[in-house]
Amino acid sequence: MWQRHKDIWSKEKTCDRLPKFLIIGPQKTGTTALHSFLSLHPAISSSFPSPISYEEVQFFSGPNYQRGIDWYMDFFPIPSNVSTDFLFEKSANYFDSEVAPPRATALLPRAKIIAVLINPADRAYSWYQHQRAHQDVVALNYSFHEVVSARRSSPPALQALQRRILGPGAYASHLDRWLHHYQPSQLLIVDGVLLRSNPVQVMNGVQKFLGVTPHYNYTQALMFDETKGFWCQRLDGARSRCLGKSKGRKYPDMSAETRALLSEHYREQNLELLRLFNRLGQAPPPWLREELHGAS
Ligand code: A3P
């Protein structure tokens, strides 16, 4: 910081209430589960829930940015120990935002960045179901197949929904933008499928990536809830606390025809993603290898 800025910096003001890491999304990949599991860790604290945007702060991606850094910092608790406490926030729309990476790196150049990925076709389908559950009229009026196969001659509202459904799934392009502003060593790509099936393994990897201590034993903290069909927080005895009804919805499988259409749509991006994993020296998730079966 410039000396002049130091001179006029208020004595009470610190940068302690800023996150050490961000979960950037995208939506519908398991980001809420990751957020809730991380919040169980004794050395990790999330931002306070925002009443205006489904609990997420959504600072770097939209109009909230104009509210300023004090507004942002007020979302974070005052850490009891700045060097060992890990503050974080999860805003799933940072992932595909053009402005979030440059803004985030300007304020948080040393932050670690976590993205969660599942097959982009499944992500798109989950997001469509989410829109229906929120009574989005276009999603209610058109089938998933109609949305993903919309053309230039289709009604503008249908095309707009298609863009919103498919856009975030261009994973390689979005991650490239983040990697323009952050070092590869600052980025962790979590396999959302593994997070769902074996969260303990994922949480061990996340703790290692963050370098957080003490090591928290997620084997004890989590349990599989047969009724919910998902991993949940273990409470006393055999009781559990799961995420709400809007996480882990029940809906019919995607048709093979629609899946084939989406495989084709995302093929180039998925190939780029495979190259990106190779470039980062990280193992690609099994779903990506299966999706591109036979591709180099
Ligand atoms: P579905 O409701 O389509 O199954 P996000 O929190 O990023 O919006 O992601 C929601 C998705 O998280 C859910 O999508 C669900 O599949 C997935 N998920 C992964 N682990 C979960 C868990 N332990 N509990 C509930 N949902 C979980």
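None of these values were measured; they are calculated from a predicted model.

**Student:** Can you help me understand the overall build of the protein in this one?
**Tutor:** Within the protein one finds 14 helices and eight strands. Here the C-alpha atoms of the protein give a radius of gyration of 20 Å, agreeing with the 19 Å that 2.2 N^0.38 yields for 296 residues. The proportion of buried residues among the 296 residues of the protein is 47%. Relative to all contacts within the protein whose residues are 6 or more apart in sequence, the contacts with residues 24 or more apart total 70%. Only carbon and sulfur atoms are counted for the fraction: they give 52% of the accessible area of the protein, which is about 15800 Å².

**Student:** How do you make sense of the state of the cysteines when you look at a structure like this?
**Tutor:** When the sulfur atoms of two cysteines share a covalent bond, that bond is a disulfide. Tallied over the entire structure, the rule returns one disulfide. A sulfur-sulfur separation of 2.1 Å characterises the disulfide bridge that pairs C232 with C242. The disulfide joining C232 to C242 has a torsion of about 100° about its S-S bond and is therefore right-handed. One end of the pair, C232, is in strand 7 (residues 230-234); the other, C242, is in the loop between strand 8 (240-241) and helix 13 (256-280), and 10 residues separate them in sequence. The exposure class of C232 is buried, given its relative accessible area of 1%. In this structure C242 comes out as partly exposed when scored by relative accessible area, which is 25%.

**Student:** Sorry if this is basic, but what is going on with the sheet that holds strand 8 here?
**Tutor:** Within a beta sheet, neighbouring strands are joined by backbone hydrogen bonds and run either parallel or antiparallel to one another. Spatially, three strands are ordered 6-7-8 in an open sheet, and the strand pairing comes out antiparallel. Strands with a single pairing partner mark the edges of an open sheet, and in this sheet they are strand 6 (222-225) and strand 8. Both strand 6 and strand 7 contribute to a ladder of four bridges, which runs antiparallel. By the bridge assignment for strand 7, L222 is matched with Q233.

**Student:** It is not clear to me how the environment of G192 should be interpreted in this structure. Could you clarify?
**Tutor:** Within the secondary structure, G192 sits in helix 10 (residues 192-197). Each C-alpha atom, one on G192 and one on P285, is 9.1 Å from the other, the two residues being 93 residues apart in sequence. Ignoring anything within four residues of it in the chain, the contact list for G192 reads T29, V116, L117 and I118.

**Student:** I keep staring at helix 13 and nothing clicks. Help me out?
**Tutor:** The α-helix winds at 3.6 residues per turn, so residues separated by three or four positions along the chain end up facing the same way. At R267, helix 13 shows its strongest bend, of approximately 55°. Listed in full, the buried residues belonging to helix 13 are T258, L262, Y266, Q269, N270, L271, L273, L274, L276, F277 and L280.

**Student:** Looking at this model, I keep getting lost on the site of the ligand. Mind explaining?
**Tutor:** The local shell around the ligand holds 16 residues, among which T31, T32, S126, W231 and Y251 are the closest. Relative to its unbound accessible surface of 570 Å², the ligand loses 95% to contact with the protein. Elements with a contribution of two residues or more to the shell around the ligand: helix 2 (31-39) and strand 7. Examining the composition of the shell around the ligand, we find that four residues originate from one element, helix 2, more than from any other. Broken down by class, the residue content of the shell around the ligand amounts to six nonpolar, six polar and four charged.

**Student:** Looking at this structure, I do not really get the sheet that holds strand 1 (residues 21-25). What am I missing?
**Tutor:** A sheet is described by the order of its strands in space; here five strands give the open sequence 2-3-1-4-5, paired in parallel fashion. A single partner strand is all that each edge strand has here, and the edge strands are strand 2 (44-46) and strand 5 (187-191). With strand direction ignored, the average angle separating the axes of adjacent strands in the sheet is 25°. As judged from the four bridges shared by strand 1 and strand 4 (residues 112-117), these two strands associate in the parallel manner. Among the inter-strand pairings, G25 is bridged to a residue of strand 4, identified as A115.

**Student:** Looking at this structure, how should I read the nonpolar core?
**Tutor:** Note that soluble globular proteins tend to have their nonpolar side chains buried in a common cluster. Grouped together as the largest cluster of nonpolar side chains are 39 residues, with contacts concentrated most on L22, F60, Y72, L175 and L273. When contributions to this core are tallied by element, the ones reaching two or more residues are strand 1, helix 3 (69-73), helix 4 (100-107), strand 4, helix 9 (171-181), strand 5, helix 13 and helix 14 (286-291). With six residues, the top contributor of residues to this core is helix 13. Ignoring any residue separated from it by four or fewer positions in sequence, one finds F60 in contact with L22, Y65, Y72, E89, Y94, V99, A100, R103, A104, L107 and L108. In this structure, I23, A43, F86 and L195 belong to the second largest nonpolar core, which totals 25 residues.

**Student:** Looking at this structure, I do not really get the pattern of salt bridges. What am I missing?
**Tutor:** Once their charged atoms are close, side chains differing in charge can pair, the charge on each being opposite to the other. Summed over the entire model, instances satisfying the criterion amount to six salt bridges. Taking the shortest distance from any N to any O, the salt bridge between E98 and R177 comes out at 3.7 Å. With E98 in the loop between strand 3 (86-90) and helix 4 and R177 in helix 9, this pair connects stretches of sequence that are 79 residues apart. We classify R177 as buried; its relative accessible area is 18%.

**Student:** Honestly, the packing of helix 9 against helix 13 in this entry has me stumped. Any pointers?
**Tutor:** Axes are the key here: two packed helices are described by the angle between their axes and the distance separating the axes. Axis separation between helix 9 and helix 13 bottoms out at 7 Å; the angle between their running directions is 40°. Here helix 9 is positioned oblique relative to helix 13, judged by the angle of their axes. Only Q269, E272, L273, L276, R279 and L280 of helix 13 make contact with helix 9, whose side of the interface consists of Y171, A172, S173, L175, D176 and L179. Its residues assigned to classes, the contact of helix 9 with helix 13 comprises seven nonpolar, two polar and three charged.

Criteria and cut-off values
- Residues numbered from 1 in each chain as written.
- Predicted model: local features only at pLDDT ≥ 70, side-chain atom pairs only at ≥ 80, totals over all residues.
- Heavy atoms only, no water.
- Helix = DSSP H or I, 4+ residues; strand = E, 2+ residues; numbered from the N terminus.
- Rg over C-alpha atoms; globule rule 2.2 N^0.38 Å.
- Buried < 20%, exposed > 50% of the residue type's maximum accessible area, 1.4 Å probe, protein only.
- Contact = heavy atoms within 4.5 Å.
- Areas by Shrake-Rupley, 256 points an atom, 1.4 Å probe, with all protein chains shown as cover.
- Disulfide = S-S within 2.5 Å.
- Pairing = 2+ DSSP bridges.
- Bend = angle between axes of the 7 residues up to and from the residue.
- Near = heavy atom within 4 Å.
- Nonpolar A, V, L, I, M, F, W, Y, C, P; charged D, E, K, R; others polar.
- Axes fitted to C-alpha atoms, helices over the stretch in contact; angles between N-to-C directions.
- Core = buried A, V, L, I, M, F, W, Y, C linked by side-chain atoms within 4.5 Å.
- Salt bridge = Lys/Arg side-chain N within 4 Å of Asp/Glu carboxyl O.
- Parallel < 35°, antiparallel > 145°, perpendicular 65-115°, else oblique.

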